[in-house]
Amino acid sequence: MLGVFSSSIVSPPEELVAAGSRTPSPKITASALVNRFVETNASAVSVQVGGPSPVGLHSPQRVTVTAQWSQPRFYDVGTADLQATTQSPFLDLWSFAVKDEIFCLFEGALDNLGSLRQQYGLAKSANEVILVIEAYKALRDRAPYPPNHVVGHLNGNFAFVVFDKSTSTLFVASDQYGKVPLYWGITADGYVAFADDADLLKGACGKSLASFPQGCFFSTAVGGLRSYENPNHKITAVPAAEEEIWGATFKVEGPTIVAARE
């Protein structure tokens, strides 16, 4: 999966900007990144939201559309029938859905999906991506409702990207063990990209790249990156060694420092 967002939606994390500045490396633009993804993934679905290019969500697998594509600024920008390059153990567990102007890319599986359906009053047919959208709506509409409570109730292996068009809010999260890979980086033209394929982002973001920290969420509504298991603990970015593909490694601090990636 791939989500690409302009600076009008999310400001590039300073730590990733600094990482790219320490070790200059080749980058490509956001549009070139999207084209590369579409061209190298079978049955890719690419959706651009809100004008020329403020946000793009791209998924190469199963698609679940729960909204009518009635507005002209929502449109399909291309498909390709080529060999998929992502070798993820969760390759068959992709979902993409749109509901009430909330776009969600989800990869993985929730172990407690049944009980969460009951909690949110959903039908038995509701899958993980619909559940995440409803959980996000509860977070948005029932304030004050701590984001860490919403994500902390999700048990399983997962990574997801949510974009709320009505509020221009981005919400991204990874499970506490980091079983589903998720990475983020900055393209040559300053877009922030999230993907499950490190090689894809390495070629686009150079050293302005990091593994998204496990057990954490990123929200433009709360102003950045947080640990949902230890919401009061500071998250720091440690510069990576020259030989690593990362520009930085994000870590959650506490009584002992917990590494944010394996």
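If you're wondering where the values come from, they're calculated on a predicted model, not measured in any experiment. (Residues numbered from 1 in each chain as written. Predicted model: local features only at pLDDT ≥ 70, side-chain atom pairs only at ≥ 80, totals over all residues. Heavy atoms only, no water.)

**Quick word on the overall build of the protein**
Okay, so step 1: A count of helices and strands for the protein gives six helices and 16 strands.
Okay, so step 2: Taken across its 262 residues, the protein has 53% of its residues classed as buried.
Okay, so step 3: Looking at the protein alone, contacts between residues at least 24 apart form 66% of all its contacts between residues at least 6 apart.
Okay, so step 4: Counting only carbon and sulfur atoms, one obtains 50% of the accessible surface of the protein, whose full area is about 11400 Å². (Helix = DSSP H or I, 4+ residues; strand = E, 2+ residues; numbered from the N terminus. Buried < 20%, exposed > 50% of the residue type's maximum accessible area, 1.4 Å probe, protein only. Contact = heavy atoms within 4.5 Å. Areas by Shrake-Rupley, 256 points an atom, 1.4 Å probe, with all protein chains shown as cover.)

**Description of helix α2 (residues 30-39)**
Okay, so step 1: Those residues of α2 not exposed but buried are Ala30, Leu33, Val34, Phe37 and Val38. Along the axis of α2, the buried residues cluster in a sector spanning 130°; they form a single face. (Arc of directions from axis to C-beta.)

**Examining unusual backbone geometry**
Okay, so step 1: Phi is positive for Asp100, close to 55°, though the residue is something other than glycine.
Okay, so step 2: Position of Asp100 among the secondary structure elements: in the loop between β5 (94-99) and β6 (102-110).
Okay, so step 3: When its relative accessible area of 44% is taken as the criterion, Asp100 is described as partly exposed.
Okay, so step 4: One non-glycine residue, Glu101, adopts positive backbone phi at about 65°.
Okay, so step 5: Here Glu101 shows up in the loop between β5 and β6.

**Examining the nonpolar core**
Okay, so step 1: Formed by 30 residues in total, the largest nonpolar core has its most connected members in Leu170, Trp184, Phe194, Phe212 and Phe218.
Okay, so step 2: Examining the composition of this core, we find that three residues originate from one element, strand β7 (residues 156-164), more than from any other.
Okay, so step 3: Counting 29 residues, the second largest nonpolar core, distinct from the first, contains Ile102, Leu116, Ile130 and Ala138. (Core = buried A, V, L, I, M, F, W, Y, C linked by side-chain atoms within 4.5 Å.)

**Section: empty space enclosed by the protein**
Okay, so step 1: The final tally for this structure, using the stated rule, is one cavity of 30 Å³ or more.
Okay, so step 2: Taken as a whole, the largest cavity holds about 50 Å³ of empty space.
Okay, so step 3: Val132, Ala135, Tyr136, Leu139, Val150, Val151, Leu154, Phe160 and Phe171 are the residues that line the largest cavity.
Okay, so step 4: The set of elements that each furnish at least two residues to the lining of the largest cavity consists of α4 (128-141) and α5 (147-152).
Okay, so step 5: Looking at which element gives the most residues to the lining of the largest cavity, the answer is α4, with four residues.
Okay, so step 6: In the lining of the largest cavity, the residues fall into nine nonpolar, no polar and no charged. (1 Å grid on protein atoms, 1.4 Å probe; cavity = no way out; pocket = protein on both sides within 12 Å on 5 of 7 lines; lining within 4 Å. Points joined across faces, edges and corners; volume = space filled by probe spheres on them. Nonpolar A, V, L, I, M, F, W, Y, C, P; charged D, E, K, R; others polar.)

**Comments concerning the packing of aromatic side chains**
Okay, so step 1: Scanning all chains against the criterion turns up 13 aromatic pairs.
Okay, so step 2: Where Trp184 meets Phe218, the ring centres are 5.5 Å apart and the plane angle is 70°; that geometry is what we call edge-to-face. In this pair, Trp184 sits in strand β9 (residues 183-186) while Phe218 sits in strand β12 (residues 216-219), placing the two residues 34 residues apart along the sequence.
Okay, so step 3: Residue classification places Trp184 among the buried positions, given a relative accessible area of 1%.
Okay, so step 4: Residue Phe218 is classed as buried on the basis of its relative accessible area of 7%.
Okay, so step 5: Ring geometry for Phe194 versus Phe218: centroids 6.4 Å apart, planes at 45°, classification tilted. One end of the pair, Phe194, is in strand β10 (residues 192-195); the other, Phe218, is in strand β12, and 24 residues separate them in sequence. (Phe/Tyr/Trp six-rings, centres within 6.5 Å; stacked < 30°, edge-to-face > 60°.)

**Looking at the side chain of Asn148**
Okay, so step 1: Tracing the chain through its elements places Asn148 in helix α5.
Okay, so step 2: Dropping the residues within four chain positions of it, Asn148 is found in contact with Phe217, Tyr228 and Pro231.

**Let's talk about α4**
Owing to its 3.6 residues per turn, the α-helix brings residues three or four apart onto one side.
Okay, so step 1: Here α4 spans 20 Å end to end across 14 residues, near enough to the 20 Å set by a 1.5 Å rise per residue.
Okay, so step 2: By the criterion of burial, α4 is predominantly enclosed, with 12 of the 14 residues buried.
Okay, so step 3: Taken as a whole, α4 has its buried residues at Glu128, Val129, Ile130, Leu131, Val132, Ile133, Glu134, Ala135, Tyr136, Lys137, Ala138 and Leu139. (Expected span 1.5 Å × (residues − 1).)

**Focus on the pattern of salt bridges**
Side chains bearing opposite charge may pair, as long as their charged atoms lie close to each other.
Okay, so step 1: All chains considered together, the criterion is met by six salt bridges.
Okay, so step 2: A salt bridge links Lys99 to Glu134; the shortest N-O distance between them is 2.6 Å. Placement of Lys99 in strand β5 and of Glu134 in helix α4 is noted, with a sequence separation of 35 residues between them.
Okay, so step 3: Residues joined by salt bridges that share partners form a network here, namely Lys99, Asp100, Glu134 and Lys137. (Salt bridge = Lys/Arg side-chain N within 4 Å of Asp/Glu carboxyl O.)

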